Amino acid sequence: MLARAFITEPIITANPVVRYMLGICSALAVTTSVSTALTMGIALTVVLICSSAVISLIRNHIPNSVRLIIQIIIIASFVIVIDFLVQAFAFDLSKRLSIFVALIVTNCLVLGRAEAFARKNAVWPSVLDGLGNGLGYSLVLVVVGSIRELLGAGSLLGFQVLPLRGDGGWFEPLPVIMLAPSAFFIMGLLVWALRAWQPSQVEEAEFRLQDPQEKII
Amino acid sequence: MIDLFLLSAFEENLALSFFLGICTFLAVSRSFDTAVGLGIAMVVVQAITVPVNHVIFHHLLTEGSWSWIGLPDADISFLKLLCFISVIAAIVQILEMVLDRFFTPLHLRMGIYLPLITVNCAILGASLFMAERHYTLAESTVYAVGSGSGWALAIISFAAIRERLQYSDVPRGLQGLGIAFVVTGLLSLGFSSFAVIGGVP
Amino acid sequence: MDRVSITGIWRWFLALPNDSAAKTLGMAFVVTLTASVFVSISAVTLQPVLRENLAREQQIQMQHMLQSLVGMSDKLNAENLEELVVRLVDLQQGTFSDQYDPALFNQRVAARDLELSVALPLEADIAGIRRRSNYAPVFFLPANNGPPLIILPVHGAGYQSMIYAFLAIEPTTDTIAGLTIYEQSETPGLGAKILDPDWKSLWRGKKIFDERRNIRIAVVRGQAQGPHEVDGISGATRTGNGVANMIRFWLGDLGFGPFLQNLKSGELEL
């Protein structure tokens, strides 16, 4: 039961990317196709789990003054190894991912979880927390990736789902979806949809507009 | 060199084309003054870290750099990630201490942004791009100043827009994060129109 | 008496207050050392796999390039593709070089290497490639097959992408025998029309130089007049110009110009 709370909660109710604006940096640049988004999500989840576990292991012995750099070094080591693994076993994907796997080091989500959770909790809860958050992040990436690949190329994971006009079908791909701005638009719409579903996540406005119809008492 | 500067500041803007440093971007850009402070801090840190990382990368990590000690085939460039991030953290720490000691009023105003910058994707991203694209030392410096300025420009524009946005009638679901994304998208669209000005053939 | 043991020292170390100088330095050192060892072990283990991947990618690229040569000219078909000889050319000297294996030489990688390439000054860089590798592979059919045919790899900036192509030349008559483009990302339907076999065939038989050996080959708006011009593609002027500038650069002094001149004067033999 505890495990379920750790894993399911971060996916929807407290999705770290959507709710706390964490880790979006590299999220968007790799969402031009589902395969890159999925690889990125898996890479980040693995790094998150491993680094949370290690940091949690040594949590009682980290001196305050070097806390941040020690966490970063641990995360960086796992990132380098993951980067190698992706290059070794998924070479074509790694060329499209370019520097973004390496940028997991500075990913706000990974550092955020290390600071907020792994540093203060035992190993197994930290691992579960890492898994849950990683899955939540991967979910957002894959959703955005699916939308972009479907509308931008008519395919999903490389399989042509919508027949292209050029091949005798009807679908005219939208190249604008593959550009940077549309990733932002899609994220904005996604946030809107999520908050319509879960109104508790809506941020309140800082200033309320004065309704001109209201009587001024 | 000019077109490298323009390219890195506008067409390949770290924030708006590569989505780097967005976290800080979205979290800090509610106020114009903080955005200006963060932007300046970014340019300064970039201008120092990218050239330093270049020197370390080419003279300590790449193949052939240890030939003077009799190990010409040693290629430890896989350590560049660990190296860059440590160098960045160290430089930011030193900068903070120097500011605190010699320019205290400046430190009081701007010093709080420096720790935020250590883990900023854009700083690490710029160093990684520099290594991937094999820039020379001169090109690295121009790239650093250009990309830092571009990022600063993006975040300052964004803060200005967001300040105004607080007084508009935004739909409830889009409030805050949602509209921030949409505005960033529009800004990104605008910046991509600079492609022609950048002089890229 | 207590034995001084490794575990004893380790336990003493762990028991130190976290913020003491010894602990701080110690932890920093231990973590960094462990991290570096961990990373280095994985690097060394995975290095062979990485190298294999790179080599395989090279091979695939080479194959892809060679495939596009088929049908480029009447003399080149799937059969005598096997007979193609590849040699490395030193672009500056215009001579053959045996410095590197031509089959494995990657021009794109070399162009980024400071030792193996030069940066081009802005006015001279008409193809927009910024850096030029000092060596380039050239392909040709051996001399016993009639008048020689040389195939030069060229690349240049199009409207929105780098265009990679092969240019086939008959060096004795200074005419273009064929053009084939194997990599580009121009606007589909407009610039991408440079891949049309009809447009590519327009280049066959065009003369490169005029009487005074100035490069005259060009892509013009509308209909071509004369042996130096090729019809432009409407709606894709910049792409067309990109292709023209690419060819002019690589046939010029900074490209294969010296090499072609040496061939023509007889100083160099295929």
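No experiment lies behind these values; they were computed from the predicted model shown.

This part is about the overall build of chain C. Within chain C, the regular secondary structure consists of six helices and ten strands. Counting only residues that meet the buried cut, chain C has 46% of its 270 residues in that class. Of all intrachain contacts in chain C linking residues separated by at least 6 positions in sequence, the fraction that spans at least 24 positions is 55%.

A separate point is the side chain of Lys200(C). Within the element layout of this structure, Lys200(C) appears in helix H4 (residues 197-201). Not counting residues up to four positions away in its chain, the partners in contact with Lys200(C) are Leu179(C), Thr180(C), Ile181(C), Ile194(C) and Leu195(C).

In this assembly, 44 residues from chain B lie in contact with 43 residues from chain A. Buried area between chain B and chain A, both sides added, is near 3,900 Å², and the carbon and sulfur share of it is 79%. On the chain B side of the interface with chain A, the three residues burying the most area are Phe19(B), Leu177(B) and Phe181(B), jointly 19% of the side's total. Linking chain B with chain A are zero salt bridges, by the criterion used here.

A general trend in soluble globular proteins is that nonpolar side chains are found buried together. Core analysis: the largest hydrophobic core is formed by 119 residues, its most contacted members being Ile104(A), Leu14(B), Leu20(B) and Leu124(B). Looking at this core, the element that brings in the most residues is helix H5 (residues 67-89) of chain A, giving 13 residues. Setting aside chain neighbours within four positions, we find Leu124(B) in contact with Ala102(A), Leu103(A), Val105(A), Thr106(A), Leu81(B), Phe84(B), Ile85(B) and Ile88(B). Leu152(C), Val219(C), Val230(C) and Leu268(C) belong to the second largest nonpolar core, which has 41 residues in total.

In this complex, chain B contributes nine residues to the contact, which on the side of chain C involves ten residues. For the pair chain B and chain C, the two sides together bury roughly 950 Å², of which 61% comes from carbon and sulfur. Summed over the shared surface of chain B and chain C, the result is zero residue pairs in polar contact (both at pLDDT 80 or more). Along the lines of polarity and charge, the residues of the side of chain B that touches chain C split into four nonpolar, two polar and three charged.

Under the definition given, this model contains 14 aromatic pairs over all chains. Pairing Phe78(A) with Phe38(C) gives two aromatic rings, centres 5.5 Å apart and planes at 65°, and the pair type is edge-to-face. Here Phe78(A), found in helix H5, pairs with Phe38(C), found in helix H2 (residues 21-67), and the two come from separate chains. With a relative accessible area of 36%, Phe38(C) lands in the partly exposed category. A connected cluster of aromatic rings, assembled from ring pairs, spans Phe96(C), Phe140(C), Phe249(C), Trp250(C), Phe256(C) and Phe259(C). Note that Arg87(C) overlies the ring of Phe96(C), its terminal NZ or CZ placed 4.3 Å from the centroid. Over the face of the ring belonging to Tyr164(C) we find Arg108(C), whose NZ or CZ atom lies 3.7 Å from the ring centre.

Time to look at the domain arrangement of chain C. What the domain assignment reports for chain C is domain 1 (6-58) and domain 2 (73-265). Here the C-alpha centre of domain 2 of chain C lies 50 Å away from the C-alpha centre of domain 1 of chain C.

The next point concerns the pattern of salt bridges. Residue and element names in this part refer to chain A. Under the definition given, this model contains four salt bridges over all chains. When the shortest N-O distance is used, the salt bridge between Arg 67 and Glu 115 registers 2.8 Å. Placement of Arg 67 in helix H5 and of Glu 115 in helix H7 (residues 108-118) is noted, with a sequence separation of 48 residues between them. Taking the shortest distance from any N to any O, the salt bridge between Asp 129 and Arg 113 comes out at 2.9 Å. In this pair, Asp 129 is assigned in helix H8 (residues 123-153) and Arg 113 in helix H7, connecting sequence segments 16 residues apart. Its relative accessible area of 4% is what places Asp 129 among the buried residues. Here the residues in one salt-bridge network are Arg 67, Glu 115 and Arg 119, joined through shared partners.

Rules used throughout
- Residues numbered from 1 in each chain as written.
- Chains lettered and ligands numbered in written order.
- Predicted model: local features only at pLDDT ≥ 70, side-chain atom pairs only at ≥ 80, totals over all residues.
- Heavy atoms only, no water.
- Helix = DSSP H or I, 4+ residues; strand = E, 2+ residues; numbered from the N terminus.
- Buried < 20%, exposed > 50% of the residue type's maximum accessible area, 1.4 Å probe, protein only.
- Contact = heavy atoms within 4.5 Å.
- Buried area = accessible area lost by both parts, 1.4 Å probe.
- Salt bridge = Lys/Arg side-chain N within 4 Å of Asp/Glu carboxyl O.
- Core = buried A, V, L, I, M, F, W, Y, C linked by side-chain atoms within 4.5 Å.
- Polar contact = N/O pair within 3.5 Å; in protein donor to acceptor, adjacent residues only side chain to side chain.
- Nonpolar A, V, L, I, M, F, W, Y, C, P; charged D, E, K, R; others polar.
- Phe/Tyr/Trp six-rings, centres within 6.5 Å; stacked < 30°, edge-to-face > 60°.
- Lys NZ or Arg CZ within 6 Å of the ring centre and 35° of its normal.
- Domains from an automatic or database assignment.

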